[in-house]
Protein chains: 2
Amino acid sequence: MARLLAIYHIRCDARSADERAQAIAIEQSVEMPLAAIDDTHVLSEIVGRVEGVREIGSELFETRVSLSVETVGRDAGQLVNMLFGNTSIHDDVVLHDAEFPDETAAIFGGPRHGLDGLRQRVGAGRRALTCSAIKPQGLPPAKLAEIARRFADGGIDYIKDDHGLADQSYSPFAARVTAVAAALRGSAAHYVPSITGDLDAMRVQIAAAREAGIDTVMVAPMVSGVSNFQRLVADNPAMAFLTHPSLAGAARIAPPFHFGGLFRMFGADAVVFPNYGGRFGYSAETCRLIAKRSLDQRAGLRPCVPVPAGGMSRERVAEMLEFYSTDIMLLIGGGLLEARERLTAATAAFVAEVHGWKAR
Amino acid sequence: MARLLAIYHIRCDARSADERAQAIAIEQSVEMPLAAIDDTHVLSEIVGRVEGVREIGSELFETRVSLSVETVGRDAGQLVNMLFGNTSIHDDVVLHDAEFPDETAAIFGGPRHGLDGLRQRVGAGRRALTCSAIKPQGLPPAKLAEIARRFADGGIDYIKDDHGLADQSYSPFAARVTAVAAALRGSAAHYVPSITGDLDAMRVQIAAAREAGIDTVMVAPMVSGVSNFQRLVADNPAMAFLTHPSLAGAARIAPPFHFGGLFRMFGADAVVFPNYGGRFGYSAETCRLIAKRSLDQRAGLRPCVPVPAGGMSRERVAEMLEFYSTDIMLLIGGGLLEARERLTAATAAFVAEVHGWKAR
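A brief look at the structure comes next. Throughout this document, residue positions are counted from 1 along each chain, in the order its sequence is written. Here every chain gets a letter starting at A, and every ligand a number starting at 1, in the order they are written. The predicted nature of this model means local features are confined to residues of pLDDT at least 70 and side-chain atom pairs, given and counted, to a pLDDT of 80 or more, with totals for whole chains, interfaces and linings taken over all residues. By convention in this description, side-chain values take in all heavy atoms of the structure and omit both hydrogens and water.

**Here we look at the overall build of chain A**
Condition: The numbering of helices and of strands both runs from the N terminus, where a helix is a DSSP run of H or I of at least 4 residues and a strand a run of E of at least 2. Our radius of gyration is a C-alpha quantity, and the globule rule it is checked against amounts to 2.2 Å times the number of residues to the power 0.38. Working definition: with a 1.4 Å probe on protein chains only, accessible area under 20% of the residue-type maximum means buried, over 50% means exposed, and in between means partly exposed. Working rule for contacts: check all heavy atoms of both residues, and any pair within 4.5 Å makes them a contact. Surface accessibility follows the Shrake-Rupley procedure with a 1.4 Å probe radius. Residue values consider only the protein chains on display as shielding. Within this scheme the basic residues Lys and Arg register as positive and the acidic residues Asp and Glu register as negative, but His and the chain ends are omitted. Taken as the charge centre is NZ of Lys, CZ of Arg, CG of Asp or CD of Glu, depending on the residue.
On a plain count of helices and strands, chain A comes out with 15 helices and 12 strands. Expected size for 360 residues packed as a compact globule is a radius of gyration near 21 Å; at 22 Å, chain A falls within 12% of this value. Based on the C-alpha atoms only, the size of chain A along its principal axes is roughly 70 × 45 × 35 Å. Within chain A, buried positions represent 64% of all 360 residues. Expressed as a percentage of contacts within chain A between residues at least 6 apart in sequence, the contacts between residues at least 24 apart total 74%. Accessible surface, chain A as shown: approximately 12,300 Å² in total, 51% of it carbon and sulfur. Charge centroids of chain A, computed over 37 positive and 42 negative side chains, lie 8 Å from each other.

So this is what it looks like as structure tokens:
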């Protein structure tokens, strides 16, 4: 029976590394003393197996634990549960990565559109994609729609909801989507509304979005639950999905695996993550690995668009394109909104710089 | 308009504390430069407000940030998003606690049964409740049912699924529930199956459980998504809900608030959490605060049963009752299963000790 490989980084001293690795293998599989198990199938197949332990830094150990794919089945939530459920509570362990048999990747299916699909939607060729966000929350739909129209007039590709926009009384989802879609009619820009709530509410929102002609939506999988994200992706094959990292910091999952590994495998066409040098603490190396992991050839999955964001500005466009290349979506939100009455012009300047950029 | 108060602990130096607090207030509300906002309602009501910053330790600051309840609406996912969505990605910030207006607590409703309801179900009076878990995963339904029967013969109150048991091919949910319910027929023990997957799958499982006469189920809200948990609680008022801490990433949301605050408010009747001195690193003080927060008088919410677990043994029963008092459910899984062929006797000894315990 095929096995998947979970890779953990453990902060501990050299004497306890082997024991900690073995404890994780048990915690993430049978969660009971092996001495109390007499079933031979369970002992040989279901119990997690330590495949190796090595020192990778001072008091830092990497362990590779293999788990039976039988324990996962076909559910994204159960995959996350098996990889990191209880072990997430140990604050000295990070889920660094995992390697899946191709059959596991095929069960989830990965991006249905991905980099190529998101470029085709806006006729972008090989250049980088552009994105901004309508905000602040608290504005009524008409005002948010007006901001969206000004982004569109500046020539931006995708206009997403701020992830704080949900279904609040001051801009109910249906009214917002109707207003923004109407404001963008005739423009090339694609509106990406944020889908929130329980699975029923999310379905109603996606139906309303589709009704308004929208073909791309945003979901925060760690808030919605990854199983529900998996279900929405499977049930809406024509819709592209952008993921938001909200609450993604609450469990210690290494960002390249979290965004480029898990979210991509579950069907994200584009993954928003905090860029280095912005408001969040990710290093340039972490961001490079997130982008690489989102785009690499893996188990027949389509590449997924990296979307570095979080305090980005027009001044950094050239640097970011240099760093990431053009297989990317550049997202600038507040950095454009600061232009206030000059929003369309600032957007047009951002768009011109991205479209005109040539690698040196 | 009413406001809720989010309380964060930030590791930083004294010079940057005020600035960090202000940055969190903006991140968790409008997420854009205030200079770019001209709407007076947004500036006065929607922007997060720093209500205070104080030093509580060396390079450790507590800040209280108030947020408009308008931004939350009626959705548990949006509440978590507003409290900690992006800020969870800052690894030097902990969501320590939050204070909600009574109207917010009333929207979610808290435990529908809670401590009193779970005691009544098993006729327990004021004593502590007892619980164990069927495992390991990998066993077929008949073998799991046999283990459940032996726990029941020992007189245990609640028998939960190991949280690794989902809907796997080796013990599909429906077959497992049927087998265990049949094995427990005529016994006083209540089986608590683990409900997993997307919201549709969870609904099918709850319906199957109800069909089999089951009145208590287990959900891991951080895996299922808190909005879906909220929905299941609202749609199944006769069912009691036990929460599992899988993926609780509890290092970053302070455990007393996570389990006794959020999970309880969203409707958990009982919350499983890692006990001190077991396999996880929670301190005794943390556990005391979790129990207190689960049980305290708050906004008219029913008390929720604390369920300390994770490597517990019969040897610790008296110590735990001394520490927590009897407003508790004692959960011993592997520690009983180790008795193997003497499982019923070990269970009976555990049960006798809990039933016979008198505070000194």
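**Some words on the relation of the copies chain A and chain B**
One copy of the chain maps onto the other through a rotation about an axis followed by a shift along the same axis. Cut-off, in case you're wondering: All copies are superposed by least squares; the fitting set is the C-alpha atoms of residues with a pLDDT of at least 70 in both.
Superposing chain A onto chain B takes a rotation of 180° combined with a translation of 0.0 Å along the rotation axis, leaving an RMSD of 0.1 Å. Each copy turns onto its partner about a two-fold axis. Counting the interface residues of chain A, we find that 97% of their copies in chain B are interface residues as well, pointing to one common contact surface.

**Concerning the environment of aspartate 38 of chain A**
Within the secondary structure, aspartate 38 of chain A is located in the loop between helix H1 (17-27) and helix H2 (40-46). On the accessibility criterion, aspartate 38 of chain A (57% relative accessible area) is exposed.

**So, helix H13 (residues 317-324) of chain A**
Residues and elements named next belong to chain A. Our working definition: Note that the arc is computed from the directions linking the helix axis to the C-beta atoms.
Along H13, the residues that are buried comprise Val317, Met320, Leu321, Phe323 and Tyr324. The buried residues of H13 occupy one face: seen down the axis, they fall within an arc of 165°. Its buried side turned inward, H13 meets strand S10 (270-274), helix H12 (284-295), strand S11 (305-309), strand S12 (329-331) and helix H15 (343-356). Serine 325 lies just past H13 and shows a positive phi near 70°.

**Focus: the pattern of salt bridges**
Cut-off, in case you're wondering: What counts as a salt bridge is simple: a side-chain nitrogen of Lys or Arg found within 4 Å of a carboxyl oxygen of Asp or Glu.
Taken as a whole and assessed by the stated rule, the structure comprises 54 salt bridges over all chains. Note that aspartate 157 of chain A and arginine 127 of chain A form a salt bridge whose closest N and O atoms lie 2.9 Å from each other. With aspartate 157 of chain A in the loop between helix H6 (141-153) and strand S6 (158-161) and arginine 127 of chain A in the loop between helix H5 (114-121) and strand S5 (129-134), this pair connects stretches of sequence that are 30 residues apart. With respect to burial, aspartate 157 of chain A and arginine 127 of chain A carry one shared label: buried. Each of the salt bridges in this network shares a partner with another, and the network as a whole consists of Asp198 and Asp200 of chain A together with Arg203, Arg231 and Asp235 of chain B.

**Section: the packing of aromatic side chains**
Ring pairs (aromatic) are described by centroid distance and by the angle formed between their planes. Applied cut-off: Stacked, edge-to-face and tilted labels apply to pairs of Phe, Tyr and Trp rings (six-membered ring for Trp) whose centres lie within 6.5 Å, assigned for plane angles under 30 degrees, over 60, and everything in between, in that order. By the criterion adopted, a ring carries a charge over it if an Arg CZ or a Lys NZ lies within 6 Å of its centre and within 35 degrees of its normal.
For the coordinates displayed, the defined rule picks out 16 aromatic pairs over all chains. With a centroid separation of 5.2 Å and an interplanar angle of 65°, the aromatic rings of phenylalanine 108 of chain A and phenylalanine 266 of chain A are classed as edge-to-face. With a gap of 158 residues between them, phenylalanine 108 of chain A in helix H4 (residues 102-108) and phenylalanine 266 of chain A in helix H11 (residues 255-266) connect regions that are remote in the sequence. Measuring from ring centre to ring centre gives 6.4 Å for phenylalanine 273 of chain A and tyrosine 324 of chain A, while their planes differ by 70°; the resulting arrangement is edge-to-face. In this pair, phenylalanine 273 of chain A is assigned in strand S10 and tyrosine 324 of chain A in helix H13, connecting sequence segments 51 residues apart. Each member of the pair phenylalanine 273 of chain A and tyrosine 324 of chain A is classed as buried. Put simply, the rings of Phe273, Tyr276, Phe323 and Tyr324 of chain A touch in pairs and so form one group of aromatic residues. The positively charged end of arginine 316 of chain B is found above the aromatic ring belonging to tyrosine 276 of chain B, 5.0 Å away from the centroid.

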